[in-house]
Amino acid sequence: MPVASQMFGGGAAGPSPEVTATDHYIAARPSLRSAPMATPEQRREELKLAFEQARGCVRCSELAATRTQVVFGAGNADADLMFVGEAPGANEDRMGLPFVGQAGKLLDQLLGEIGLNRNDVFIANVLKCRPPGNRDPHPGEIEHCREYLMRQLELIEPRVVCTLGNFATKLLRGDPAGITRVHGQEEVRVIGRRAVRLYPLYHPAAALYTPRMLEVLRADFAGIPALLDKPAPAQPQIVEPEVAAEPEAEDWREELAQASLVEPPAASEPAPAPEPEPLPEPPEDEGREPPGPEQLGLF
Ligand code: URA
């Protein structure tokens, strides 16, 4: 089976009546927005930068204090298929990779059954840090972490996004409907700046101990190849907010200088510094290599 990026060319589809916008994501902070990227390589480099930001993140003080490391996500940075789970558990926290425990083994098995493996997909979570004791993510934590997931979706450009379990499903559908009601039902959703085919699935961890749920999960998984065969959903036209033209900053000073009221502007005076963005600083990296593809688990 060829890798996902070779399997499905990005054909443009006509307008789709099924498109639903969860456009509160479109209001994502401009700091993490980017112009459309030309190449997968550029997007992959941007993804590494996003990882650098995430691994120094202290937005959730409890998670930052208790995690071993940030579990950013792993897989094919140009995948057509992306999975979004809930949050890292103890194994993931230790290894720095998503879905490496029992639930991950089941995920691998189900992927294998549809002819795919981890090199073909990208796997991430709603939260990038382990909640202590594997408790449920708190709403504030989901909100803090949402920007990283949005950035991943924007940069990887998956065509199909499978949400695993309630937390990812509710977040990406922007709707409180539970997984039992919506699993296995594909819909085109605009998430952030892109339309994707969203396909909610039961969480593999839940299916581990409930044979009936495993049956349903397996049946829903069997629907994934057909989704990947569908044309890419039509992309929304994002209208960037008008940015007011920069005023001629020095004009007023020149005019007043002519009237001898202020010093004329120095020829090489630097422009005022832009407002600093409140992004987390990358961690202190003494003696640490910048993240390479292996550390990020990128293929
Ligand atoms: N469960 C998740 O939701 N994510 C993981 O990475 C592991 C288990």
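Residues numbered from 1 in each chain as written. Predicted model: local features only at pLDDT ≥ 70, side-chain atom pairs only at ≥ 80, totals over all residues. Heavy atoms only, no water.

The next subject is the environment of alanine 177. Inspection of the secondary structure puts alanine 177 in the loop between helix 7 (166-173) and helix 8 (179-182). With eleven residues separating them in the primary sequence, alanine 177 and asparagine 166 have C-alpha atoms 8.5 Å apart. Apart from residues no more than four positions distant in its own chain, alanine 177 is found in contact with Lys170 and Val182. (Helix = DSSP H or I, 4+ residues; strand = E, 2+ residues; numbered from the N terminus. Contact = heavy atoms within 4.5 Å.)

Moving on: the packing of helix 2 (residues 40-55) against helix 6 (residues 139-156). For the pair helix 2 and helix 6, the least separation of the axes is 9 Å and the interaxial angle reads 170°. With respect to each other, helix 2 and helix 6 are oriented roughly antiparallel. Contacts between helix 2 and helix 6 involve Arg43, Glu46, Leu47, Ala50, Gln53 and Ala54 on the former and, on the latter, Tyr148, Arg151, Gln152, Leu155 and Ile156. Among the residues forming the contact of helix 2 with helix 6, the class breakdown is six nonpolar, two polar and three charged. (Axes fitted to C-alpha atoms, helices over the stretch in contact; angles between N-to-C directions. Parallel < 35°, antiparallel > 145°, perpendicular 65-115°, else oblique. Nonpolar A, V, L, I, M, F, W, Y, C, P; charged D, E, K, R; others polar.)

Below, the discussion takes up the packing of aromatic side chains. The final tally for this structure, using the stated rule, is two aromatic pairs. Arranged with centres 5.7 Å apart and planes meeting at 10°, the rings of phenylalanine 83 and phenylalanine 221 form a pair that is stacked. Pair noted here: phenylalanine 83 is in strand 3 (residues 81-85) and phenylalanine 221 is in helix 10 (residues 211-221), with a separation of 138 residues, a long-range link. For phenylalanine 221, a relative accessible area of 1% translates into the label buried. A cation sits over an aromatic face here: arginine 55 above phenylalanine 51, 5.6 Å from the ring centre. (Phe/Tyr/Trp six-rings, centres within 6.5 Å; stacked < 30°, edge-to-face > 60°. Buried < 20%, exposed > 50% of the residue type's maximum accessible area, 1.4 Å probe, protein only. Lys NZ or Arg CZ within 6 Å of the ring centre and 35° of its normal.)

With 69% of its residues at a pLDDT of at least 70, the protein chain reaches an overall mean of 79. In the model, residues 1-35 has pLDDT below 50 throughout and makes 76 contacts with residues more than four positions away in sequence or in other chains. A low-confidence stretch, residues 255-295 stays under pLDDT 50, and its non-local contacts, those more than four residues away or across chains, total 46 contacts. (pLDDT = per-residue confidence, 0-100.)

Turning our attention to the pattern of salt bridges. One pass over the structure, following the stated rule, counts 19 salt bridges. Here arginine 55 ties to glutamate 52 by a salt bridge, and the two come within 2.7 Å at their closest N and O atoms. Taken together, the positions of arginine 55 and glutamate 52, both in helix 2 and three residues apart, correspond to about one turn of that helix. Like arginine 55, the residue glutamate 52 is buried in the burial classification. Where glutamate 62 meets arginine 135, a salt bridge forms, and the shortest distance between an N and an O atom there is 2.7 Å. With glutamate 62 in helix 3 (residues 61-66) and arginine 135 in the loop between strand 4 (121-125) and helix 6, this residue pair connects regions lying 73 residues apart in the sequence. You can call glutamate 62 partly exposed: its relative accessible area is 37%. Through salt bridges with shared partners, a single ionic network connects Glu46, Arg151, Glu154 and Arg193. (Salt bridge = Lys/Arg side-chain N within 4 Å of Asp/Glu carboxyl O.)

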